[in-house]
Amino acid sequence: MIGKAPKSELGLETSENCSDAKAGCQPPARDVATSIADRQLSATSDQCAVERDQARARAEQRYRAFLEFLPEPVFIGNLDSTVSYLNPAFEKVFGWTLNELKGRRIPFVPDSELHRTRAGVKQLFTEKVLHGYQTRRLTRDGRILDVKVDGAVFFDDGGQPAGQVIILRDITARSRAEQTNQALFRIARALHRFRQLDPMLTYITRQVQKLVKADGATVLLVDESRQEFYIPAASYLDTTTGTRMREIRFPVDKGVAGYVFQTGKPMIVHDTAASPHFYDQVDMDADFEHKSILDVPLRHQERVIGVLCAVNKQEGMFDEADVDLLSAVANVVALPIENARIHQALQASFENVRRLNRAKEQVINHLSHELKTPLSVLSASLGLLEKRFASGWDKAVDRVMDRMHRNLKRLLDMQYEISDMLREQHYRAHGILSFLLAASRDMLVSLFEEVPDIHHSLDIIQRTIDREFGRADDPCSEVMLNRLVRVHMETLRPSFAHRRIRLETRLQKVAPVWIPLEVIEKIVEALLKNAIENTPDKGRVEVVVRSGENGPLLEVKDTGVGITAEKQQLIFNHYFAPGDTADYASRSPYDFNAGGKGVDLLRITVFAERYRFDTRIRSTRCRHIPTDSDQCPGDIQRCPFCSEPSDCYASGGTTIQVRFRPAGFIEKTADRVPAENQ
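No experiment lies behind these values; they were computed from the predicted model shown.

Structural notes on the overall build of the protein
Then, number 1: The helix and strand inventory of the protein stands at 21 helices and 18 strands.
Then, number 2: Restricting to contacts in the protein with at least 6 residues of sequence separation, those with at least 24 account for 65%.
Then, number 3: Just so you have it, the protein exposes about 37700 Å², and 53% of that area is on carbon and sulfur atoms.

A word on the packing of helix 6 (residues 172-191) against helix 7 (residues 197-211)
Then, number 1: Packing of helix 6 against helix 7 brings their axes to within 11 Å, and their N-to-C directions diverge by 170 degrees. As judged from the angle between their axes, helix 6 and helix 7 are roughly antiparallel. Viewed along their axes, helix 6 and helix 7 form a crossing whose handedness is right-handed. Touching Gln 179, Ala 183, Arg 186, Ile 187, Ala 190 and Leu 191 of helix 6 are Met 200, Tyr 203, Ile 204, Gln 207 and Leu 211, all from helix 7.
Then, number 2: Residues belonging to the contact of helix 6 with helix 7 are distributed by class as follows: 8 nonpolar, 2 polar and 1 charged.

A short note on empty space enclosed by the protein
Then, number 1: Enumeration according to the criterion identifies 4 cavities of 30 Å³ or more in this entry.
Then, number 2: Its boundaries defined by the atoms lining it, the largest cavity holds a volume of some 180 Å³.
Then, number 3: Lining the largest cavity are 17 residues, with Leu 220, Phe 250, Val 282, Ile 293 and Cys 309 sitting closest to its centre.
Then, number 4: Sorting the residues of the lining of the largest cavity by element identifies strand 6 (214-223), strand 7 (228-236), helix 9 (255-263), strand 10 (293-300) and strand 11 (303-313) as the ones contributing at least two each.
Then, number 5: Of all the elements, helix 9 adds the most residues to the lining of the largest cavity, at 3 residues.
Then, number 6: Of the residues in the lining of the largest cavity, the class split is 13 nonpolar, 3 polar and 1 charged.

Some points on the sheet that holds strand 18 (residues 653-659)
Pairing between the strands of a sheet comes from backbone hydrogen bonds, and it takes one of two forms, parallel or antiparallel.
Then, number 1: Read across the sheet, 5 strands follow the order 13-15-16-18-17 without closing on themselves; strand pairing throughout is mixed. Either end of the sheet is taken by a strand with one partner, and the two such strands are strand 13 (502-507) and strand 17 (614-620). With strand direction ignored, the average angle separating the axes of adjacent strands in the sheet is 10 degrees.
Then, number 2: Sheet topology places strand 17 next to strand 18; 7 bridges connect them, and they run antiparallel. Residue pairing across strands places Thr 620 opposite Gly 653, the latter belonging to strand 18.
Then, number 3: Sheet strands touched by helix 17 (residues 517-533): strand 13, strand 15 (540-547), strand 16 (552-558) and strand 18. Its angle to strand 16, the strand with the most contacts, is close to 20 degrees.

Focus: helix 5 (residues 114-127)
Then, number 1: Here helix 5 is 14 residues long and its end C-alpha atoms lie 20 Å apart, about the 20 Å a rise of 1.5 Å per residue gives.
Then, number 2: Here helix 5 has its buried residues at Thr 117, Gly 120 and Leu 124. Viewed end-on, helix 5 has its buried residues packed into an arc of 60 degrees, placing them on one side of the element. Turned more than 90 degrees away from the buried face of helix 5, the exposed residues are His 115, Arg 118, Lys 122 and Thr 126.
Then, number 3: Lining the buried residues of helix 5 we find strand 3 (129-138), strand 4 (144-155) and strand 5 (161-170).
Then, number 4: At the exit of helix 5 stands Lys 128, carrying a positive phi of roughly 70 degrees.

Observations regarding the packing of aromatic side chains
Then, number 1: Evaluation of the coordinates by the stated rule reveals 11 aromatic pairs.
Then, number 2: Judged by centre distance (6.2 Å) and plane angle (50 degrees), the ring pair of Phe 90 and Phe 108 falls under tilted. Of this pair, Phe 90 sits in helix 3 (residues 88-94) while Phe 108 is found in the loop between helix 4 (98-101) and helix 5, placing the two residues 18 residues apart along the sequence. Like Phe 108, Phe 90 is buried.
Then, number 3: Arranged with centres 5.8 Å apart and planes meeting at 35 degrees, the rings of Phe 250 and Tyr 279 form a pair that is tilted. Separated by 29 residues along the polypeptide, Phe 250 in strand 8 (residues 249-251) and Tyr 279 in the loop between strand 9 (267-269) and helix 10 (281-286) bring together distant segments of the chain. Side by side, Phe 250 and Tyr 279 carry an identical accessibility label, which is buried.
Then, number 4: Put simply, the rings of Phe 75, Phe 90, Phe 94 and Phe 108 pair up and form one aromatic cluster.
Then, number 5: Above the face of the Phe 108 ring, Arg 137 is positioned so that its terminal group lies 5.3 Å from the ring centre.
Then, number 6: The side chain of Arg 540 reaches across the aromatic face of Tyr 649, ending 4.5 Å from its centre.

Observations regarding the packing of helix 16 (residues 481-492) against helix 17
Then, number 1: Interhelical geometry of helix 16 versus helix 17 gives an angle of 60 degrees and a closest axis separation of 10 Å. On the basis of their axis angle, the class for helix 16 and helix 17 is oblique. With respect to the hand of their crossing, helix 16 and helix 17 are arranged in right-handed fashion. Between helix 16, through Leu 481, Leu 484, Val 485, His 488, Met 489 and Leu 492, and helix 17, the contact on the second element is made entirely by Leu 517, Ile 520, Glu 521, Val 524, Glu 525 and Leu 528.
Then, number 2: Looking at side-chain class alone, the contact of helix 16 with helix 17 contains 9 nonpolar, 1 polar and 2 charged residues.

Comments concerning the confidence of the model for the protein
Keep in mind that low pLDDT regions are not for reading the predicted coordinates in detail.
Then, number 1: Here the protein averages 77 in pLDDT, and 68% of its residues register 70 or above.
Then, number 2: Low confidence marks residues 574-585, where pLDDT is under 50. Its contacts with residues over four positions away, or in another chain, come to 26 contacts.
Then, number 3: Counted against residues more than four places away or in other chains, residues 668-678, with its pLDDT under 50, gives 7 contacts.

Digging into helix 6
Then, number 1: A rise of 1.5 Å per residue sets the reference length of helix 6, with its 20 residues, at 28 Å; its end C-alpha atoms lie 27 Å apart and thus fit the reference within 8%.
Then, number 2: Taken residue by residue, helix 6 has Thr 172, Ser 175, Arg 176, Thr 180, Ala 183, Leu 184, Ile 187, Ala 190 and Leu 191 as its buried positions. Along the axis of helix 6, the buried positions cluster into a sector of 165 degrees, meaning they face one direction only. Turned more than 90 degrees off the buried face of helix 6, the exposed positions are Asn 181, Gln 182, Phe 185 and Arg 189.

A closer look at the sheet that holds strand 3
Then, number 1: Spatial ordering of the open sheet is given by 2-1-5-4-3, a layout of 5 strands whose pairing is antiparallel. Looking along the sheet, the strands with just one partner apiece sit at the ends: strand 2 (83-86) and strand 3. Adjacent strand axes in the sheet meet at a mean angle of 25 degrees, parallel and antiparallel pairs treated alike.
Then, number 2: Relative to strand 2, strand 1 (residues 74-77) runs antiparallel, the two being bridged by 3 bridges. Paired with Phe 75 across the strands is Leu 86, a residue of strand 2.
Then, number 3: Strands in contact with helix 5 are strand 3, strand 4 and strand 5; relative to strand 3, the strand with the most contacts, it is inclined by about 160 degrees.
Then, number 4: Across the face of the sheet, helix 6 comes into contact with strand 4 and strand 5 while running at roughly 135 degrees to strand 4.

Parameters and conventions
Every chain is numbered independently, its residues counted from 1 as its sequence is written. The model is predicted, so local features are restricted to residues of pLDDT at least 70 and side-chain atom pairs to those at 80 or more, both for listing and for counting; the totals for chains, interfaces and linings are taken over all residues. In computing side-chain properties, one takes all heavy atoms of the structure into account and sets aside hydrogens as well as water. Strands here mean DSSP runs of E at least two residues long; helices mean DSSP runs of H or I at least four residues long; both are numbered from the N terminus. Whether two residues touch is decided by their heavy atoms; if any such pair falls within 4.5 Å, the residues are in contact. Calculation of accessible area relied on Shrake-Rupley with a 1.4 Å probe; when residues are assessed, cover is drawn exclusively from the protein chains displayed. Axis lines are fitted to C-alpha atoms, over the contacting stretch for helices. Their N-to-C directions set the angle, which ranges from 0 to 180 degrees. Oblique is the label for every angle not falling under 35 degrees (roughly parallel), over 145 degrees (roughly antiparallel), or within 65 to 115 degrees (roughly perpendicular). Note on convention: the crossing is left-handed when the near helix lies turned anticlockwise from the far helix by less than a right angle, right-handed when the turn is clockwise. For this scheme, ten residues count as nonpolar: Ala, Val, Leu, Ile, Met, Phe, Trp, Tyr, Cys and Pro. Four count as charged, namely Asp, Glu, Lys and Arg, and the remainder, Gly too, count as polar. Definitions used for this entry: grid spacing 1 Å over protein atoms alone; cavity, a set of points where a 1.4 Å probe fits but cannot get out; pocket, an open set with protein on both sides within 12 Å along at least 5 of 7 lines; lining residue, one with an atom within 4 Å of a point. Grid points are joined across faces, edges and corners, and a volume is the space filled by probe spheres set on the points. Note on pairing: DSSP must find at least two bridges between two strands before they are called paired. An expected span of 1.5 Å times one less than the residue number is assigned to each helix. Throughout, exposure labels follow a simple rule: accessible area from a 1.4 Å probe, protein chains only, divided by the maximum for the residue type, with under 20% read as buried, over 50% as exposed, and the rest as partly exposed. Summarising the geometry, the arc corresponds to the directions from the helix axis toward the C-beta atoms. Here a pair means two rings of Phe, Tyr or Trp (six-membered ring of Trp) with centres within 6.5 Å. Their orientation is stacked below 30 degrees between planes, edge-to-face above 60, and tilted elsewhere. Two limits define a charge over a ring: the Lys NZ or Arg CZ must be within 6 Å of the ring centre, and within 35 degrees of the ring normal. A residue's pLDDT is simply how confident the predictor is in it, with values from 0 to 100.

Below you can see the structure in the form of structure tokens.
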């Protein structure tokens, strides 16, 4: 009989093994439930993780889409401020792309903002948020933008700082507009305080220099009679440069200013060395390097009256915003400048009338005094005539009568000369001197009629006059101006060795001058002596030889007391006298304020008429001693207004120029000059 397998072998439990099954033959029900729950939880967790990743990806996509759509520049940085993301607006505004800067710091902080930027970063990481922080940032092409910064620190899942997100709003246009409006309002409100042109222009140039953040600013006005630019005001970081700029003149068709004046359009020159419009003679005269220039026209009623100029941008380059700003300033100041020019011209005309009236009175007084001389001659001649009459009429009486006739004619000639002087008509200084010499000669003849060697004495007097003022028939020769000036100054140097004057020379090689050698030496000595005698110790005198527009140019500049405006306009006029003889100290030549009677400058005038060269003078009276009665102590160290020599250099001084014609020009034109003018 086939036995039957136990139920346990069939998988059925028996009563015997039931307890064994309960003891461990199969898992307990709660363990199975736990295992199932864990599997379900794991699956749920994985599903949540997937959903979280998908949600994070969708959020990141939405966030990135938002940033890319946002019109404001945004960059996301790591904790070390390196770039992890830049939006398109950042690339558009600042010029850098994400590929160029990812993992790097953005090189857009100007040097002037480094300190404030470090403080801003510190504030951001301390407070975790930053709002409305205004600063400036560079663009890739070198422009500087005004920006407002908002930022925040973001955190990782563990709550630790993970990076920063920064929004930069470009507020350049708005801040420039506000700045322009404030500047225009400030300038317009201030202009009415200035009655004189020069202080007004000085104020304008200082405002321009600050507004566009430039090394310097100038106003160039047009001298229509000479067709030249002149610079009545210039503000530079270096005050010495500003002083030199105010001494410069150049033709209205030269330089960037000439182009702006001719076209009426603003012009930016980023690199003067590469610009065909730049006029480097200005740099040579000012001893300054103009690297970049912005010029805008000063326009009044469709007429350009000058140019407003800013030079050497301190940060970045000049741009259209600077053009708009400077043009707005030019529009505001053009009318006040023109009004001030008219006022100044009217005032100058009034002062000229007053000066002419004073000159007329002086001349009339001089005439009444000088008429005594020929009248005395006539009286003496008549006395001699009376003495000779008793012994009969002889040749001596004939000579006396001849002198009477000559002096009567001389009275009439003097009347004509004085009439021309009062009408400001042309007359020749050498003719006046010759006339006075003739009168003196006849007077001496009358006084020393009985002296046998009187003619020898008169010859000595004649030679003395000729030595001082030269003879018209002195031979001319080609003179190398730079070489002669250098040699003659060394000859003169021992004469002023006792003075503590800083003497500088710039002697360039120029075309030869056709003129007597002794005449040039007298001109050099006269100008140098005049400069040193009017410059206090520790002052500076500069002697320059260079090529001018029409020929060689000799220029002597000093930082002395300067000449008042009243005397400056009369200094090369033939009736000008510096002052009464009693006003001058009896000192040695070249001493400070040694004084004189104006003979040196009158002598240059005689030479200028004879040899056809021009003389010009520009002078600024020291502002601390504005009138002729004010006295300079004669030493910068003893001046209460100066703490160092540069203070004196900037306060006053005189520049006298002698503009020669080159030798070839003189030789070609000599034959066309009438004999009486030679």
